[in-house]
There are 2 protein chains.
Amino acid sequence: MQLTPPYAVYLGNATDILGLKMAASIAYWRPELCVGEIKGPDCTVSTGLQSLSLEEAAKAGAKTFVLGFNNAGGHIDPEHFAIIQEAMALGMNIVNGLHDKLSDQAELSNAAAQYHVALQDIRHPTTRYRTGNGAKRTGKRLLTVGTDCSVGKMYSTLALHKELEARGKPATFRATGQCGILIAGEGVAVDCVVADFISGAIEALTPDNDPAHWDVIEGQGSLFQPAFAGVTIGLIHGAQPDAIVVCHALGRTHVRGLSDYALPSITETIDVNLLHARRTNPNCRVAGICLNTSAVDEQTALEVCQAYSDETGLPCVDPVRHGVGPIIDHL
Amino acid sequence: MQLTPPYAVYLGNATDILGLKMAASIAYWRPELCVGEIKGPDCTVSTGLQSLSLEEAAKAGAKTFVLGFNNAGGHIDPEHFAIIQEAMALGMNIVNGLHDKLSDQAELSNAAAQYHVALQDIRHPTTRYRTGNGAKRTGKRLLTVGTDCSVGKMYSTLALHKELEARGKPATFRATGQCGILIAGEGVAVDCVVADFISGAIEALTPDNDPAHWDVIEGQGSLFQPAFAGVTIGLIHGAQPDAIVVCHALGRTHVRGLSDYALPSITETIDVNLLHARRTNPNCRVAGICLNTSAVDEQTALEVCQAYSDETGLPCVDPVRHGVGPIIDHL
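Model, not experiment: these values are computed from the prediction.

A.B. asks: Before we move on, could you go through the overall build of chain A and cite the residues and values that matter?
C.D. replies: Looking only at helices and strands, chain A has 12 helices and 13 strands in total. Computed over the C-alpha atoms, the radius of gyration of chain A is 20 Å, within 12% of the 20 Å expected from 2.2 N^0.38 for a compact globule of 331 residues. In terms of its C-alpha atoms, chain A occupies a principal-axis envelope of roughly 55 × 45 × 45 Å. A total of 331 residues make up chain A; the buried ones form 54% of that total. Within chain A, contacts between residues at least 6 apart in sequence are counted, and of these 74% link residues at least 24 apart.

A.B. asks: Give me the interface of chain B and chain A: which residues, what numbers.
C.D. replies: On the chain A side, the residues contacting the 29 residues of chain B number 29 residues. Listing elements by their share of the side of chain B that touches chain A, those giving two or more residues are α7 (198–205), α8 (229–239), β11 (258–262) and α9 (266–280) of chain B. In terms of residue count, α8(B) provides more of the side of chain B that touches chain A than any other element does, six residues in total. Taken together, the residues of the side of chain B that touches chain A break down into 15 nonpolar, 10 polar and four charged.

A.B. asks: Quick one: what's the story with the sheet that holds strand β8 (residues 214–217) of chain B, residue by residue and with numbers?
C.D. replies: Residue and element names in this part refer to chain B. Pairing within the open sheet is parallel, and its six strands lie in the order β7-β8-β6-β9-β12-β13. Among the strands making up the open sheet, the edge pair consists of β7 (171–174) and β13 (316–317). Sheet strands touched by α9: β6 (140–146), β9 (243–249) and β12 (285–292). Its angle to β9, the strand with the most contacts, is close to 145°.

A.B. asks: Explain the sheet that holds strand β7 (residues 171–174) of chain A to me, using residue names and the numbers behind them.
C.D. replies: Residue and element names in this part refer to chain A. Taken together, the six strands give an open sheet; going across it, the order is β7-β8-β6-β9-β12-β13, and neighbouring strands pair in parallel fashion. Lying at the two open borders of the sheet, with one neighbouring strand each, are β7 and β13 (316–317). Where β7 lies against strand β8 (residues 214–217), four bridges are found, and the strand directions are parallel. Paired with T172 across the two strands is D215, which belongs to β8.

A.B. asks: With reference to specific residues and values, describe unusual backbone geometry.
C.D. replies: Cis peptide bonds are those with omega within 30 degrees of zero, and the linkage from P5(A) to P6(A) qualifies with 0°. Inspection of the secondary structure puts P6(A) in the segment before β1 (7–12). The phi dihedral of H116(A) falls on the positive side, at around 55°, and the residue is not glycine. Along the polypeptide, H116(A) turns up in the loop between α4 (106–115) and β5 (119–121). Despite not being glycine, Q240(B) has its phi angle at roughly 50°, a positive value. Of note, Q240(B) is situated in the loop between α8 and β9.

A.B. asks: Kindly report on the confidence of the model for chain A, identifying the contributing residues and their values.
C.D. replies: Looking at chain A, pLDDT values average 96 and 100% of them are 70 or higher. Reported for the predicted complex are a pTM of 0.95 and an ipTM of 0.94.

A.B. asks: So, the relation of the copies chain B and chain A: which residues are in play, and what are the values?
C.D. replies: Taken as rigid bodies, chain B and chain A are interconverted by a rotation of 180° and an axial shift of 0.0 Å, the fit giving an RMSD of 0.0 Å. Taken together, the rotation and translation relating the two chain copies correspond to the operation of a two-fold axis.

A.B. asks: Explain the domain arrangement of chain A to me, using residue names and the numbers behind them.
C.D. replies: By domain assignment, chain A separates into domain 1 (7–121) and domain 2 (140–330). For domain 1 of chain A versus domain 2 of chain A, the distance between C-alpha centres works out to 29 Å.

A.B. asks: Can you break down the environment of D42(B) residue by residue, with the values?
C.D. replies: Residues and elements named next belong to chain B. Inspection of the secondary structure assignment puts D42 in the loop between β2 (34–38) and α2 (54–59). On the basis of neighbour counts, which here come to 10 C-beta atoms within 10 Å, the residue D42 falls in the exposed class. Linking D42 and E86, residues 44 residues apart in sequence, is a C-alpha distance of 19 Å.

A.B. asks: Quick one: what's the story with the packing of helix α8 (residues 229–239) of chain A against α8(B), residue by residue and with numbers?
C.D. replies: Close contact between α8(A) and α8(B) brings their axes to 7 Å; oriented N to C, the two are set at 155°. In terms of orientation, α8(A) and α8(B) fall into the roughly antiparallel class. In this structure, the crossing between α8(A) and α8(B) has a hand that is right-handed. Within the contact between the two elements, α8(A) uses A229(A), G230(A), V231(A), I233(A), G234(A) and H237(A) and α8(B) uses A229(B), G230(B), V231(B), I233(B), G234(B) and H237(B). Classifying every residue of the contact of α8(A) with α8(B) gives six nonpolar, six polar and no charged.

A.B. asks: A description of the packing of α7(B) against α8(B) should follow, citing residues and the corresponding values.
C.D. replies: Residue and element names in this part refer to chain B. Look at α7 against α8: their axes get within 7 Å of each other, and the N-to-C directions meet at 40°. One element, α7, and the other, α8, form an angle in the oblique class. The crossing of α7 and α8 is right-handed. Seen from α7, the contacting residues are I198, S199, G200, A201, I202 and E203; seen from α8, they are G230, V231, G234, L235, H237, G238 and A239. Taken together, the residues of the contact of α7 with α8 sort by class into six nonpolar, six polar and one charged.

The rules behind each value
Residues numbered from 1 in each chain as written. Chains lettered and ligands numbered in written order. Predicted model: local features only at pLDDT ≥ 70, side-chain atom pairs only at ≥ 80, totals over all residues. Helix = DSSP H or I, 4+ residues; strand = E, 2+ residues; numbered from the N terminus. Rg over C-alpha atoms; globule rule 2.2 N^0.38 Å. Buried ≥ 20, exposed ≤ 12 C-beta atoms within 10 Å, placed from the backbone. Contact = placed C-beta atoms within 7 Å. Nonpolar A, V, L, I, M, F, W, Y, C, P; charged D, E, K, R; others polar. Pairing = 2+ DSSP bridges. Axes fitted to C-alpha atoms, helices over the stretch in contact; angles between N-to-C directions. pLDDT = per-residue confidence, 0-100. Least-squares fit on C-alpha atoms with pLDDT ≥ 70 in both. Domains from an automatic or database assignment. Parallel < 35°, antiparallel > 145°, perpendicular 65-115°, else oblique. Left-handed = near helix turned anticlockwise from the far one by under 90°.

And the structure:
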């Protein structure tokens, strides 16, 4: 799945920044890939990108029109079809990270053929993967894992990649979800791959590389998450990580959306992830802990990070507040 | 995925019984569902079912024509299209457990529409599943797990189900692979479900039931198999098993097809499977061990089973040689 920047980022009629996961991610991590944002008539929020009309975005050179909003059902309201068609008429590909496929809509498919542009439904892999083979690959790999979903794995992965690059180390961010794919311009939505091919897809995503090169791989789900652990273990086996970084959101006590399921401790998370990671890379170790401390004040955040660090002997930081320098030092 | 017996079992031009996994499974476990087998002109083997022409099978009341052969690529040679079309003309549905889809072939799809019959590509789930929710369900569940793929999980599961029924216990065999689906007449090919929905599919397959009822669930893959562990952990989480039965093939030292990967010990297999099973069912315990001892003589088989039993404190049997009575006793 390869995308073509620069992007025109469409916000639809969003009235809440939490409904703009795709748009906010690309605006934060790769503003240089965006010509600006385009608001629907009822949109009341902004990502901070320059606000443009569709025609202005085209003039600024936008090659791809990105659906930047999300919603619970992953549904695309037909109210957006008109502007999608106009964007195609202006020569833009369309990127969609929602569950619903644009390519299932005959009128949009026909228009895409007419204008020689692509409808890129990035949650739906088009590659035919092979099953994993567990064969050792050259190069180094880091994978983020977590106590739960939505604890900051993508943010942490991107921060770790950025820090490696800042230190002049050869490194590539490897995206496994729709927001990450938009940021990287390529990747695989691993939760949408057929179950037989989860680890095979990750092996393909992170192929042989120079011995000193780091693939910094976006984790998904959690081994303790009753819905999504299959994705997680396949990611771990396929990644053959040399290092894992454990992510956790402070204050969360139960699995998101499943109040019957308590979160594992950091120590338990480390133990079980290492158990499985060492199946395909016996030398895997833990590089550190990334803590989302947004629920507490600055002083408490420092104290909690220090306490986790004392307990585990590992660097523990909030990537937003403290950066990830100590984890890269430890790597 | 619901099938309609009785079946006419087509062997193609098979010259080796190992190339007839689907046919041999249904002939062994549910001969009463089969009107007979149909051989291609170059077929040299038999499942033991009565050999019939297609017309004789139709007269005997066959409702479904089953492709009984398999091959490495999961490919369907167009040489079989003619007899498939004839079977449809005689009013039969077509069941295909190979990777290639019959429904991708326009001439077959058109013929199916013309004759009002179904092309059932049972490796390709058509149900739209929801993600798992881990909510506790009523009724009891047993799941087979293994040290590897192809160690006899389906055979063991069916033997356990048969023994429960023989004792008058309410029980249902729940199929998770193509051969099992053929035997049960329904089920889900869990390795072909989209990764996000693995455990959700198993929750749907094994819904609330009477408190005394056992769902006896066919396991897949292994937590130690670098290609397929995602399927396995999703199955475990979705099944919420009250009991697991560990399957192993004696003499196998490495993961099938992956010579770099040693098999785990039985003890390790028990520990890691229980760890994950107890995430969704804290009361899960091990009911016993099923050993495929076909590589050794009768006396050695008994000694090895006794040794495993002494080591683990669990009943250990070869389901083929000894039956699974002691495991059901222990349950």
